[in-house]
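Chains, contacts and geometry: an overview
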Amino acid sequence: MKVQNPKLEITAVKLEQYPSMDKPEIALAGRSNVGKSSFINTLIERKGLARTSGQPGKTQTLNFYNMDDKFRFVDVPGYGYAKVSKTDRARWAKMITEYLTNRDNLVTLLLLMDFRHEPTELDIQMKEFADELDIPYAIVLTKVDKIKRSQRNKHISMFTKKLELPTSDALFLFSSETAEGKDDIWEVIESQIN
């Protein structure tokens, strides 16, 4: 899919600020430094639509990105960043929960996880939460370019086991450096929004 005119439609912190439910939405969830903004920018081949930051924990709102009026990406605040207060963490958790439990137009949740490290407790909880809410999801393993090809199967097995997945079919390898995996992810998105 080629996105011609992507734009940040709205940033929201509570339900009443969300845009109308007139388009399918793909939500992105992951740890603070997993590369959600780079993921969006790589998929749509734009450098600066989603702002990337060297400082984890920057996204503190729900960011609704309109993709040619066909669908929206919704970037939710990253979780697990140690240097934010408990109050902020609780506020973000509430924001994420409120979004995930109230959007009938949410068609898929992309769970982004860093391929270099085993899934954290929070990654596992997020996946279990998606299972509980019965939200279709795919797990995007970012930063795959940082792992030697000979080591990849070992990492895939680790994720499959830690996340208690029956197969590795829900796992998608991705690199924002090389754009590896981009086409596979677009296929997932297109199958969900059509």
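Residues numbered from 1 in each chain as written. Predicted model: local features only at pLDDT ≥ 70, side-chain atom pairs only at ≥ 80, totals over all residues. Heavy atoms only, no water.

**So, helix α1 (residues 36-44)**
- Among the nine residues that make up α1, eight are buried, leaving the element largely enclosed by the rest of the structure.
- Taken residue by residue, α1 has Lys36, Ser37, Phe39, Ile40, Asn41, Thr42, Leu43 and Ile44 as its buried positions.
- Once α1 ends, the next one or two residues include Glu45, with phi positive near 55°. (Buried < 20%, exposed > 50% of the residue type's maximum accessible area, 1.4 Å probe, protein only. Helix = DSSP H or I, 4+ residues; strand = E, 2+ residues; numbered from the N terminus.)

**As for unusual backbone geometry**
- Unusually for a residue other than glycine, Asp68 sits at a positive phi of about 55°.
- Structurally, the position occupied by Asp68 is in the loop between β3 (62-67) and β4 (71-75).
- The phi dihedral of Lys143 falls on the positive side, at around 65°, and the residue is not glycine.
- Position of Lys143 relative to the elements: it lies in the loop between β6 (137-142) and α4 (152-162).

**So, helix α5 (residues 182-193)**
- With twelve residues, α5 extends 17 Å from end C-alpha to end C-alpha; this agrees with the ideal 16 Å at 1.5 Å per step.
- Burial in α5 covers these residues: Lys182, Ile185, Trp186, Val188, Ile189 and Ile193. Down the axis of α5, the buried set is contained in an arc of 160°. They therefore lie on one face. With respect to the buried face of α5, the exposed residues turned more than 90 degrees away are Asp183, Glu187 and Ser191.
- Contact partners of the buried residues in α5: β2 (25-30), α1, β4, β5 (106-114), β6 and β7 (171-173). (Expected span 1.5 Å × (residues − 1). Arc of directions from axis to C-beta. Contact = heavy atoms within 4.5 Å.)

**With respect to the environment of Gly30**
- Within the secondary structure, Gly30 sits in strand β2.
- C-alpha separation for the pair Gly30 and Asp114, spaced 84 residues apart in sequence, amounts to 8.8 Å.
- With sequence-adjacent residues up to four places away left out, Gly30 is seen in contact with Lys36, Gly78, Tyr79 and Leu112.

**So, the sheet that holds β5**
- Spatial ordering of the open sheet is given by β1-β3-β4-β2-β5-β6-β7, a layout of seven strands whose pairing is mixed. Pairing within the sheet leaves two strands with one partner each, and these edge strands are β1 (6-12) and β7. Taken pair by pair, the neighbouring strands of this sheet meet at an average axis angle of 25°, ignoring direction.
- Bridge analysis of β2 against β4 gives four bridges, and the strand direction is parallel. Opposite Ala27, over in β4, you have Val74 as the bridge partner.
- Of the strands in this sheet, β1, β2, β3, β4, β5 and β6 touch α1, which is tilted by about 155° from β4.
- Sheet contacts for helix α3 (residues 121-133): β2, β5 and β6; angle to β5, the most-contacted strand, approximately 165°. (Pairing = 2+ DSSP bridges. Axes fitted to C-alpha atoms, helices over the stretch in contact; angles between N-to-C directions.)

**Some thoughts on the packing of aromatic side chains**
- The full count for this structure, using the stated rule, is eight aromatic pairs.
- Measuring from ring centre to ring centre gives 5.8 Å for Tyr18 and Tyr99, while their planes differ by 70°; the resulting arrangement is edge-to-face. In this pair, Tyr18 sits in the loop between β1 and β2 while Tyr99 sits in helix α2 (residues 86-102), placing the two residues 81 residues apart along the sequence. The exposure classification of Tyr18 matches that of Tyr99, with both residues buried.
- Their ring planes at 70° and their centres at 4.9 Å tell us that Phe39 and Phe174 sit as a pair that is edge-to-face. Here Phe39, found in helix α1, pairs with Phe174, found in the loop between β7 and α5; they are 135 residues apart in sequence, far enough to count as distant. The same class applies to Phe39 and to Phe174, which are both buried.
- Clustering of aromatic rings is evident, with ring pairs tying together Tyr18, Phe64 and Tyr99. (Phe/Tyr/Trp six-rings, centres within 6.5 Å; stacked < 30°, edge-to-face > 60°.)

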